[in-house]
Amino acid sequence: MITGLLFCSVPVTGMGQQVGAYGVQDTLRSGFSSVKNELLPSHALELSEKNFQLNQDKMNFSNLRNIQGLHAPLKLQMEYRAARQIQRLPFLQSSHLALDTLKGNDESISFEDILNDPSQSEMVGEPHIMMEYKLGLM
Amino acid sequence: MATLSVCQPQLGGFSFENCKRNAVLEAEVTKLGCNVPSARKTGTTICGVVFKDGIVLGADTRATEGMIVADKNCSKIHYISPNIYCCGAGTAADTEMTTQIISSNLELHSLSTSRLPRVATANRMLKQMLFRYQGHIGAALVLGGVDCNGPHLYSIYPHGSTDKLPYVTMGSGSLAAMAVFEDRYKQDMEEEDAKRLVRDAIAAGIFNDLGSGSNIDLCVITKGRVDYLRPHDMANKKGVRSQRLIRPVYAYKQGTTGVLTKSVIKLDLEVVEETVQTMDTS
């Protein structure tokens, strides 16, 4: 498959750099940056895959709203929000059992379950940094 | 794998971290004149036909890697569920993983609904997944099976479009196989006729297309019975070397060379000396 820049020549806004304090690029945490790296996605599917779940949810919720009224997506989203809070601290592996059951992920298998399993990842996140990021102190 | 600090937990699925590095490496390698290693494709002939009581699926058994045959007897008819089978053409790994994932999903689905899965369900799952990846997963499939509504046959293209037809062919030998189908297909054939038709179509693909070869596999699916015939027909048998495998015998048969004359001369030998030497066996 030719993954060259032929398919990725349109700059895209979703690939923004990590902005640290004072609105400037944070070299310490995200390394050196170049405009070309930030603007152009490295693969045609990168952006689509990053936002796939979000877009699916948006589509489903808006369908639900049109069919059943506003209460249906509201109730579901409240349940999702409650289930999302049942997890361990960010640097530990949580099973997301309640969230998966609500979303229906317990009855399907896709590449997210087979490839790049987070529980087998070679990198361990630093506990302090991940906690600060989660609490918004970073 | 980034060496910067990780702020958010990693997600599963495809990771595009090395794409830019790969593009740079590919450019460097082509500048030196070498070739990047290519994925193993199946360069295939696969086909399927609907007959009176069910479906017949057929496939050849050659897998190629560029110009070399990588596997002389690979299996291209994959199991999806007890009543549904799927032939795969295109990149071998893609067809293998895709059919396995869909088979698992269909099993979970059928456990959840307590019913035998339908071919239309498998078709929809496959097309939604292939469309999600916009054709980067190179899997062209022929999906066939018998469910509560009768026999169904679908062809699924790598970008996610599907066709529901009475006879389909896919792969590099699809034109040769389709020529045979267009000539001899009839509605409501008997099982033996359908098997012969599929065998001839795959044979046309094998003999007229470089990417297909070796044997012909068939899969006959009817209500309540699946016959997985592998191999159904060995169209390209390899020659047999001589009997002895360790040290082959290159001898000629008796009588290969004609005998013209034969004369026997007896040599008279007399005993001159006789000595005995004892062996030291200590």
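This one's a predicted model, so the numbers in the text were calculated from it and none came from an experiment. (Residues numbered from 1 in each chain as written. Chains lettered and ligands numbered in written order. Predicted model: local features only at pLDDT ≥ 70, side-chain atom pairs only at ≥ 80, totals over all residues. Heavy atoms only, no water.)

1. As for the overall build of chain A
Turning to step 1, where the next piece is worked out: Tallying secondary structure elements over chain A gives eight helices and zero strands in all.
Turning to step 2, where the next piece is worked out: Across the 138 residues in chain A, those meeting the buried criterion constitute 19%.
Turning to step 3, where the next piece is worked out: Counting contacts in chain A only where the partners sit at least 6 residues apart, residues at least 24 apart contribute 52% of the total.
Turning to step 4, where the next piece is worked out: Entry remark: accessible area of chain A is about 10300 Å², with carbon and sulfur atoms responsible for 57%. (Helix = DSSP H or I, 4+ residues; strand = E, 2+ residues; numbered from the N terminus. Buried < 20%, exposed > 50% of the residue type's maximum accessible area, 1.4 Å probe, protein only. Contact = heavy atoms within 4.5 Å. Areas by Shrake-Rupley, 256 points an atom, 1.4 Å probe, with all protein chains shown as cover.)

2. Considerations on the pattern of salt bridges
Residues and elements named next belong to chain B.
Turning to step 1, where the next piece is worked out: What the rule picks out here adds up to 13 salt bridges over all chains.
Turning to step 2, where the next piece is worked out: Between Lys76 and Asp60 there is a salt bridge; the shortest N-O distance is 3.1 Å. Placement of the pair is Lys76 in the loop between strand S4 (68-71) and strand S5 (77-81) and Asp60 in strand S2 (residues 54-60), with a sequence separation of 16 residues.
Turning to step 3, where the next piece is worked out: For Asp60, a relative accessible area of 0% translates into the label buried.
Turning to step 4, where the next piece is worked out: One salt bridge connects Arg225 with Glu191, and the closest N-O pair in it is separated by 3.1 Å. (Salt bridge = Lys/Arg side-chain N within 4 Å of Asp/Glu carboxyl O.)

3. Considerations on the packing of helix H4 (residues 174-184) of chain B against helix H5 (residues 191-208) of chain B
Residues and elements named next belong to chain B.
Turning to step 1, where the next piece is worked out: At a minimum axis distance of 7 Å, the contact between H4 and H5 shows a crossing angle of 145°. As for how H4 packs across H5, the hand of that crossing is right-handed. Two secondary-structure elements touch here, H4 through Ala176, Ala177, Val180, Phe181 and Arg184 and H5 through Arg196, Leu197, Val198, Asp200, Ala201, Ala204, Gly205 and Asn208.
Turning to step 2, where the next piece is worked out: Its residues assigned to classes, the contact of H4 with H5 comprises eight nonpolar, two polar and three charged. (Axes fitted to C-alpha atoms, helices over the stretch in contact; angles between N-to-C directions. Left-handed = near helix turned anticlockwise from the far one by under 90°. Nonpolar A, V, L, I, M, F, W, Y, C, P; charged D, E, K, R; others polar.)

4. Considerations on a nonpolar patch on the surface
Turning to step 1, where the next piece is worked out: A grouping of Ile114(A), Leu115(A), Phe14(B) and Met97(B) is seen on the molecular surface, where their side chains present a nonpolar patch of about 290 Å² in accessible area.
Turning to step 2, where the next piece is worked out: Tracing the sequence through the fold places Ile114(A) in helix H7 (residues 111-114). (Patch = residues over 30% accessible without salt bridge, like charges linked within 9 Å, V, L, I, M, F, W, Y side chains within 5 Å.)

5. Quick word on the confidence of the model for chain A
Turning to step 1, where the next piece is worked out: When the pLDDT values of chain A are averaged, the result is 80; 75% of them are 70 or greater.
Turning to step 2, where the next piece is worked out: Every residue in residues 1-8 of chain A scores below 50 in pLDDT, and together they form eleven contacts with partners more than four places removed in sequence or on other chains. (pLDDT = per-residue confidence, 0-100.)

6. Here's the deal with the interface of chain B and chain A
Turning to step 1, where the next piece is worked out: Counting from both sides, the interface comprises 30 residues of chain B and, opposite them, 33 residues of chain A.
Turning to step 2, where the next piece is worked out: A buried area of about 3200 Å², summed over both sides, lies between chain B and chain A, and 65% of it is on carbon and sulfur atoms.
Turning to step 3, where the next piece is worked out: Seen at the junction of chain B and chain A, the total is two salt bridges.
Turning to step 4, where the next piece is worked out: Taking the shortest distance from any N to any O, the salt bridge between Glu49(A) and Arg132(B) comes out at 3.0 Å.
Turning to step 5, where the next piece is worked out: At the junction of chain B with chain A, the criterion picks out six residue pairs in polar contact (both at pLDDT 80 or more).
Turning to step 6, where the next piece is worked out: For the side of chain B that touches chain A, the leading source of residues is helix H2 (residues 92-113) of chain B, giving six residues.
Turning to step 7, where the next piece is worked out: For the side of chain B that touches chain A, the residue count by class is 16 nonpolar, twelve polar and two charged. (Buried area = accessible area lost by both parts, 1.4 Å probe. Polar contact = N/O pair within 3.5 Å; in protein donor to acceptor, adjacent residues only side chain to side chain.)

7. Here's the deal with the pairing of strand S7 (residues 139-147) of chain B
All names here are of chain B.
Turning to step 1, where the next piece is worked out: A large share of S7 lies buried, amounting to nine of its nine residues.
Turning to step 2, where the next piece is worked out: Here S7 shows no split at all, with Ala139, Leu141, Leu143, Gly145 and Asp147 on one side and Ala140, Val142, Gly144 and Val146 on the other all buried.
Turning to step 3, where the next piece is worked out: Bridge count between strand S6 (residues 84-90) and S7: seven bridges; the pairing is antiparallel. When the bridges of S7 are listed, Ile84 appears paired with Gly145. (Pairing = 2+ DSSP bridges.)

8. Let's talk about the UniProt feature "active site" (unreviewed entry) in chain B
Residue and element names in this part refer to chain B.
Turning to step 1, where the next piece is worked out: Taking the UniProt record as the reference, the feature "active site" (unreviewed entry) is found at Thr44.
Turning to step 2, where the next piece is worked out: Mapped onto the secondary structure, Thr44 falls in the loop between helix H1 (19-32) and strand S1 (46-50).
Turning to step 3, where the next piece is worked out: Residue class for Thr44 comes out buried when judged on its relative accessible area of 0%.
Turning to step 4, where the next piece is worked out: Aside from chain neighbours lying at most four places away, what touches Thr44 is Asp60, Lys76, Gly88, Ala89, Met170, Gly171, Ser172, Gly173, Asp209, Gly211 and Ser212.
Turning to step 5, where the next piece is worked out: Here the side chain of Thr44 touches Lys76 through a polar contact of 3.3 Å, side chain to side chain. (UniProt positions renumbered as here; feature names shortened; annotations may be inferred.)

9. As for the pairing of S5(B)
Residue and element names in this part refer to chain B.
Turning to step 1, where the next piece is worked out: Most of S5 is tucked away, with four of its five residues classed as buried.
Turning to step 2, where the next piece is worked out: Where S5 and S6 come together, four bridges link them in antiparallel fashion. Counterpart to Ile77 in the pairing with S6 is Cys87.

10. Structural notes on the packing of H2(B) against helix H3 (residues 119-132) of chain B
Residues and elements named next belong to chain B.
Turning to step 1, where the next piece is worked out: Contact pair H2 / H3: the axes reach a minimum separation of 10 Å and the direction vectors enclose 130°. Our classification of the angle between H2 and H3 gives oblique. H3 is crossed by H2, and the crossing has right-handed handedness. Residues Thr98, Ile102, Asn105, Leu106 and His109 of H2 pack against Thr121, Ala122, Met125, Leu126 and Met129 of H3.
Turning to step 2, where the next piece is worked out: Considered class by class, the residues forming the contact of H2 with H3 number six nonpolar, four polar and no charged. (Parallel < 35°, antiparallel > 145°, perpendicular 65-115°, else oblique.)

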